[in-house]
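Secondary and tertiary structure notes
Chain by chain, the residues run as shown.
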Amino acid sequence: MKTVTAGPHMAQKPDVSRNAGLRPPAPPTTVAALVLVFLVGLGIWSLVDLRINIATLLDSYGNAIGFLRRIWPLEFPPLSDVVRQVGMTLSVVLLATLLSVLLSIPLAVAAAANTKRTEVGRMCARAGIVVARVVPDVVMAIVFVRFFGLGVLPGVLAMGLHSVGMIGKLYADALEQIDPGPREALRAAGASRAQQLWTGVFPLVLPAFVAVGLHRFDINLRISAILGFVGVAGIGMEMSEAFARLNFALGVAWALILLTLCVLVEWISATLRRALLRDTTREGARPKALSARIPRGDSAAVGTSRSSRGLPSVSPPWSARRVRRYLYGGLSVAAVLWALVGSGVLDSQARGGIAGLLTTLGHFWPPGAAGAMDELMEALRLTIQIGCAATLIGAMLAIPAGSLAARNVAPSRRVYLLFRGAILMIRAMPELVLAIVLVVIVGLGPVAGTLALAIGATGLLGKLVADSLEEVDPGPGEALRATGASRLQVYVAATLPQALGAVVGDTLYQLDVNIRAATLLGIVGGGGVGFFLLQSTRTREYEVVTLIMLMTFAVVLVLELTAMWLRRLLR
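Residues numbered from 1 in each chain as written. Predicted model: local features only at pLDDT ≥ 70, side-chain atom pairs only at ≥ 80, totals over all residues. Heavy atoms only, no water.

**A word on the overall build of the protein**
Operational definition: Put simply, DSSP marks the helices as runs of H or I at least four residues long and the strands as runs of E at least two long, and each gets a number from the N terminus on. Remark: exposure states derive from per-residue accessible area (1.4 Å probe, protein chains only) relative to the maximum for the residue type, with buried under 20%, exposed over 50%, and partly exposed in between. By the convention used here, residues are in contact when the closest approach between their heavy atoms is within 4.5 Å. In this description, accessible areas are obtained by the Shrake-Rupley approach with a 1.4 Å probe, and a residue is regarded as covered only by the protein chains that are shown.
Along the backbone of the protein there are 23 helices and two strands. Evaluated residue by residue, the protein yields a buried proportion of 45% over its 571 residues. For the protein, restricting intrachain contacts to residue pairs at least 6 apart in sequence, the fraction spanning at least 24 positions comes to 77%. Accessible surface for the protein amounts to roughly 29,800 Å². Of this, 67% is attributable to carbon and sulfur atoms.

Have a look at this one:
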């Protein structure tokens, strides 16, 4: 009988940690899970403390019936007023988006790791983008209205400068993701830095730049509504004046006009973005400009001729795509000229020049509470609760809705189109309009603001969840499906786990958005610190405006750092 002796290798315990299925969670992942549980608990506590429940909604049934009686029949304004205000609103949004794009491009070039000049310049550019993002556009509008008076220019400047925070960041991210090959080839050929950027970088990111600009145009259209409450011309101001006169039939009519405009612009923008990204995918990573300038063996696709100096000149053929591109460019230039002339923005005049601007800014410093520090802290707590509760409700609705709106999860194309359409409609509704309607129905206070933000979060977060699910690797799901797994089993075991990190990141982003928006919805009675923001503006206590802005900035900064830390752990 053979005796087996226990060697050192047999004395070792089995290393279960090498088995991925039995590996215990790493400490950082455990901490991240605890933080997420804390945030969910914060949302539940906010819901309970704000008394947002079925009983509250049922108690508002009588108010809803009364509201419908007060607004019906709707009092639509004359067609000439509608055309004028729609044109004014689109002009403000177009000029603001154009201003933000023009400011964001050099900032993004300086902030991107692969196009920066120096590390110090990169940090300064990043800081400028963050500052533009954290200063609320409504606060900027208050400053510019004080300086330029009521009109178009305050809205253009406020939305344009605030949009730099988003567009600059996304442009910098797009620059860092390009293929470095074309630029390195140009550098090896002796091209200058400007030539490298113009020929080897910008053509690669142009579709992404345009798509981001169109997306920001949609956002600015919604923002223009709330800026009307602080003196920016357009549909928002007409709506504000109608509600101030308690003419709800006219106010809701203007709200419906704005909603229709948002739906149309959202549909056109989404169509253009899909076309741009589809063209990019078809053309691959090779830059269009390089395709036009560097002759290759396939000269049949590129027209060649001789210049006056005898050198070969290269020009792309006049294809349908090239004609369409020039047509879009011509229409864009015409639209900008129409907005500049028709809106009257060029007629705006500053009060007192540079000295007047410095005097205006002097009213906002130093920050002060005007003896209401306790009330401001209580309002800030309420604002945070509104943001947390709205994000929790929105996530509970958006995750199932977004899953059914994902092409690779929906059980049929009909279900996919149904939920995609529903999300599109919800996204098109400005939170301000929802907040005004809900304030009338459920009364002033945080319940209206929370419900308005929750509905808006369902639209935005639902779209982000759907996009994240569609981007997962189909391999694990196909493997499970080959073993006979059902559609639900594939979703739970393969699709959702791959997208879980992105879904958590999207939810944290939504929480950031909701806390910022909760600050603004207080202006129309949605509860929170926004009420004090509006009151301090009306009473010209501008030091309180600065204090509220700093308090909100501190909350958002803590949330931003927490979200960055969690995303890094969950990556």
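**Remarks on the environment of proline 136**
Inspection of the secondary structure puts proline 136 in the loop between helix 6 (119-134) and helix 7 (137-148). Separated by 417 residues in sequence, proline 136 and phenylalanine 553 have C-alpha atoms that sit 9.1 Å apart. Setting aside residues up to four positions removed in sequence, proline 136 forms contacts with His162, Leu520 and Met549.

**Here's the deal with the side chain of serine 104**
Quick note on the threshold: Side-chain atoms alone can form a polar contact between residues adjacent in sequence; in general such a contact is a pair of N or O atoms within 3.5 Å, and within protein one must be able to donate a hydrogen while the other accepts it.
Note that serine 104 resides in helix 5 (residues 79-111). Separated by 3.5 Å, the side chain of serine 104 and the backbone nitrogen of glycine 168 make a polar contact. Setting aside anything within four residues of it in sequence, one finds serine 104 in contact with Val164, Ile167, Gly168 and Tyr171.

**Focus: the pattern of salt bridges**
Put simply, the test is: Salt bridge criterion: a side-chain nitrogen from Lys or Arg within 4 Å of a carboxyl oxygen from Asp or Glu.
Under the defined criterion, the tally for this structure stands at twelve salt bridges. The salt bridge involving aspartate 173 is made with lysine 169; its shortest N-O contact spans 3.2 Å. Pair noted here: aspartate 173 and lysine 169 are both in helix 8 (residues 153-176), with a separation of four residues, about one helical turn. Using a relative accessible area of 36% as the deciding quantity, one classes lysine 169 as partly exposed. Arginine 381 serves as the salt-bridge partner of glutamate 378, at 2.3 Å between the closest nitrogen and oxygen. A residue pair is termed a helical-turn pair when its members lie 3 or 4 positions apart in one helix, as glutamate 378 and arginine 381 do in helix 16 (residues 373-404) at three residues. When its relative accessible area of 42% is taken as the criterion, glutamate 378 is described as partly exposed. Through salt bridges with shared partners, a single network forms among Lys116, Glu119, Arg122, Arg126 and Glu176.

**Points about helix 7**
Structural remark: α-helix, 3.6 residues per turn; residues separated by three or four positions point the same way. Spelled out, the test is: Helices are assigned an expected span. That span is 1.5 Å times one less than the residue count.
Compared with the 16 Å implied by 1.5 Å per residue over twelve residues, the 16 Å span of helix 7 between its first and last C-alpha is a close match. Where helix 7 is concerned, the buried positions are Asp137, Val138, Val139, Met140, Ala141, Ile142, Val143, Phe144, Val145, Phe147 and Phe148. Once helix 7 finishes, glycine 149 follows within two positions and takes phi at roughly 85 degrees, a positive value.

**Brief notes about the packing of aromatic side chains**
Quick note on the threshold: Between rings of Phe, Tyr and Trp, where Trp is taken as its six-membered ring, a pair exists when centres lie within 6.5 Å; planes separated by under 30 degrees are stacked, by over 60 edge-to-face, and by other angles tilted.
Here the structure, examined in full by the defined rule, presents six aromatic pairs. Ring centres 4.8 Å apart and planes at 35 degrees place the aromatic pair phenylalanine 364 and tyrosine 542 in the tilted group. Pair noted here: phenylalanine 364 is in the loop between helix 15 (353-362) and helix 16 and tyrosine 542 is in helix 23 (residues 542-570), with a separation of 178 residues, a long-range link. A centroid spacing of 5.7 Å and a plane angle of 80 degrees characterise the contact between phenylalanine 531 and phenylalanine 532, whose relative ring orientation is edge-to-face. Assessed through its relative accessible area of 24%, phenylalanine 532 is described here as partly exposed.

**Some thoughts on the side chain of threonine 450**
Along the polypeptide, threonine 450 turns up in helix 19 (residues 446-470). Polar contacts involving the side chain of threonine 450 include one to the main-chain carbonyl oxygen of proline 446, which spans 2.7 Å. Residue contacts for threonine 450: discarding those within four places in its chain leaves Leu50, Ile52, Ile386, Ala389, Ala390 and Ile393.

**Points about unusual backbone geometry**
A cis geometry characterises the amide bond from tryptophan 365 onward to proline 366, with omega recorded as 0 degrees. Take proline 366: it is sitting in the loop between helix 15 and helix 16. Even without being glycine, arginine 51 reaches a positive phi, approximately 60 degrees. Here arginine 51 shows up in the loop between helix 2 (27-49) and helix 3 (54-59). Even without being glycine, leucine 246 reaches a positive phi, approximately 60 degrees. Within the secondary structure, leucine 246 sits in the loop between helix 11 (235-244) and helix 12 (248-283).

**Overview of the confidence of the model for the protein**
In regions of low pLDDT, the predicted coordinates are not meant to be interpreted in detail. Stated precisely, the cut-off is as follows: One number per residue, pLDDT, summarises how confident the predictor is, and it ranges from 0 to 100.
Confidence in the prediction of the protein, expressed as mean pLDDT, is 79, and 85% of residues score 70 or more. Contacts for the low-pLDDT stretch residues 283-305, under 50 throughout, to residues beyond four places or in other chains number 38 contacts.

**A short note on the packing of helix 5 against helix 8**
Here is the rule we go by: In this analysis an axis means a line fitted to C-alpha atoms, helices contributing only their contacting stretch, and an angle means the value between N-to-C directions, from 0 to 180 degrees. In what follows, roughly perpendicular refers to angles from 65 to 115 degrees, roughly parallel to angles under 35, roughly antiparallel to angles over 145, and oblique to any angle outside these ranges. By the definition used in this description, the sense in which the near helix is turned from the far one sets the handedness, with an anticlockwise turn below a right angle giving left-handed and a clockwise turn giving right-handed. Under the scheme applied here, ten amino acids are nonpolar (Ala, Val, Leu, Ile, Met, Phe, Trp, Tyr, Cys and Pro), four are charged (Asp, Glu, Lys and Arg), and all others, including Gly, are polar.
Contact geometry of helix 5 with helix 8 gives a least axis separation of 6 Å together with a crossing angle of 40 degrees. With respect to each other, helix 5 and helix 8 are oriented oblique. The crossing of helix 5 and helix 8 is right-handed. Class assignment of the residues belonging to the contact of helix 5 with helix 8 gives a composition of 21 nonpolar, six polar and one charged.

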